[in-house]
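Notes for the structure review
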Amino acid sequence: MADHNNYVINMKHSTSHLTLPSIYLATATMALSAGFQLQERSTSGLGRAFAGEAAIAEDASAIATNAASMLLLDGTQVSAGASYVMPSVKVSGTFNGIPTADPGPAQEALVPYAYISHKLNEDWALGLALHARFGLSTDYADSFLATSLAKKSEITTVYISPKLAYQINQAWSIGAGFDAVNVDATLTNAIPSPVPGLGGATVLDVSGDDWAYGFNLGTMYQCSERTRFGLAYYSKVDFTLEGQARTDTGFPGVLPPTSTTSASAKSTLPQSIELSGFHSLNDKWDLHASFTWTDWSVFDELLINTINGDLPPTPEKWKDVYRVAAGATYHHNDRWTFRAGLAFDESPVPSAELRTLRIPDSDRFWLSAGTTYNINQCYSVDLGYTHIFAKTVQISEGAFQGRAEGHVNLVGLSFNGKF
């Protein structure tokens, strides 16, 4: 068994992940989109694998992607709901040559969202969105031998986004929003329980929060009554987490044993662009698709600062990625609408050497289905389901050599109103 100093030294790499932002109520990375980006912002979208999001306006949740979509929503509309995420992820390998595994580091979680839009007149509309765009959460068992690299990672964000849209002419509309983002992080590293006399001791417990700000832009072009395209842009968001770092064991050269000190870290949420298309084949069938690019190359290096000194910087060197999605909607009658979709998410992690236990990221493939039931002309209920197939990937982090594998089930439920 490795000694105390080996555990402390080997955890240096992962503690710098204080900088990672995530979702409102978080879940495992494999449940999300590229990197730790979150797609789960509506139930109707979940049912079509979020295909066509920048060009569709079925309910108020459409404003989460493209503010210009509000001009397609009559009167005042609201949508509120949540997605329940049920991951099944296993991490296994060796730490300092000793076999170790955790069959369930990913946590089940509820991801809520709420929206309201109001059409002032034929030319202007406004709205408000409460949702999240990124996410990460894992909690390894005390017996997992690599908890010195990563024990618990729970980082959350809340996006509060007022939005405005304007109709330029019969074909073009534009929209914009302001994003106030709350980021909160708690990340821990610990000596695993099998280590005699030290098991369970905290190597490093880092927490911090911040308010950061960005913006989003959108436009929609109506080619005909049946065909339109949407383009949506979300800016990068720079933030600095301010909080504290605590240790039982001490951190060599930075923190003495049983000490607490202030800590901070800077990072950036990446910008993204989504291009979507929507086409109504007839009164029954609609087709929709999306292509999304995310600027993950901004996630290049991590650094935590304390009043006693900086932790060693960690190279990440992620790459820019894309997501593609396609789907169809079937309008059965005045009461029922059915939808389905599929999607592919590319991972930004370029190699096993840059993949970590905190972010065991991989390529993912989505299969989705959903339905809407219209209670009456004013109210409706959405139900959506997605199964995510995650590619098995290798992890080579410090003294840990292993792999991550698994899948995720997501179920969404929303309530919509029109007034």
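Computed from a prediction, not measured in an experiment: that's the story for all the values here. (Residues numbered from 1 in each chain as written. Predicted model: local features only at pLDDT ≥ 70, side-chain atom pairs only at ≥ 80, totals over all residues. Heavy atoms only, no water.)

**Brief notes about the overall build of the protein chain**
Looking only at helices and strands, one finds three helices and 22 strands in the protein chain. Expressed as a percentage of its 419 residues, the buried residues of the protein chain come to 57%. Split by element, the accessible area of the protein chain, about 15600 Å² in all, is 58% carbon and sulfur. (Helix = DSSP H or I, 4+ residues; strand = E, 2+ residues; numbered from the N terminus. Buried < 20%, exposed > 50% of the residue type's maximum accessible area, 1.4 Å probe, protein only. Areas by Shrake-Rupley, 256 points an atom, 1.4 Å probe, with all protein chains shown as cover.)

**Things to note about the layout of surface pockets**
Within this model, the largest pocket holds a volume of roughly 900 Å³. Contributing to the lining of the largest pocket are 36 residues, with Ala-57, Glu-58, His-331, Thr-337 and Lys-418 lying nearest its centre. Elements supplying a minimum of two residues to the lining of the largest pocket: β1 (76-95), β12 (272-280), β13 (285-294), β18 (321-331), β19 (336-345), β20 (364-374), β21 (379-397) and β22 (400-418). Per-class residue counts for the lining of the largest pocket are nine nonpolar, 15 polar and twelve charged. Considered as a void within the structure, the second largest pocket measures approximately 220 Å³ in volume. For the second largest pocket, the full set of lining residues is Leu-71, Leu-72, Lys-119, Glu-122, Gln-167, Asn-169, Gln-170, Ala-171, Ser-173, Met-220, Tyr-221 and Gln-222. Taken together, the residues that form the lining of the second largest pocket break down as five nonpolar, five polar and two charged. (1 Å grid on protein atoms, 1.4 Å probe; cavity = no way out; pocket = protein on both sides within 12 Å on 5 of 7 lines; lining within 4 Å. Points joined across faces, edges and corners; volume = space filled by probe spheres on them. Nonpolar A, V, L, I, M, F, W, Y, C, P; charged D, E, K, R; others polar.)

**Points about the pairing of strand β8 (residues 202-222)**
Side-chain direction in a regular strand flips from residue to residue, so the side chains alternate between the two faces of the sheet. In terms of strand pairing, strand β7 (residues 172-190) meets β8 through 19 bridges, oriented antiparallel. Note that in β8 the partner of Gly-177 across the bridge is Asn-216. Across five bridges, β8 lies against strand β10 (residues 237-247) in antiparallel orientation. Within β10, the position partnered with Asp-209 by the bridge is Glu-242. Joining the antiparallel neighbours β8 and strand β9 (residues 227-234) is a turn of four residues. (Pairing = 2+ DSSP bridges.)

**Comments concerning the pairing of β19**
The alternating pattern of β19 places Thr-337, Arg-339, Gly-341, Ala-343 and Asp-345 on a buried face, while none of Trp-336, Phe-338, Ala-340, Leu-342 and Phe-344, on the opposite face, is buried. With nine bridges connecting them, β18 and β19 associate as antiparallel partners. Bridging across to β19, Ala-326 finds its partner in Leu-342. The loop that links β18 with its antiparallel partner β19 comprises four residues. With ten bridges joining them, β19 and β20 adopt antiparallel strand pairing. Residue pairing in the sheet places Ala-343 in a bridge with Trp-366 of β20.

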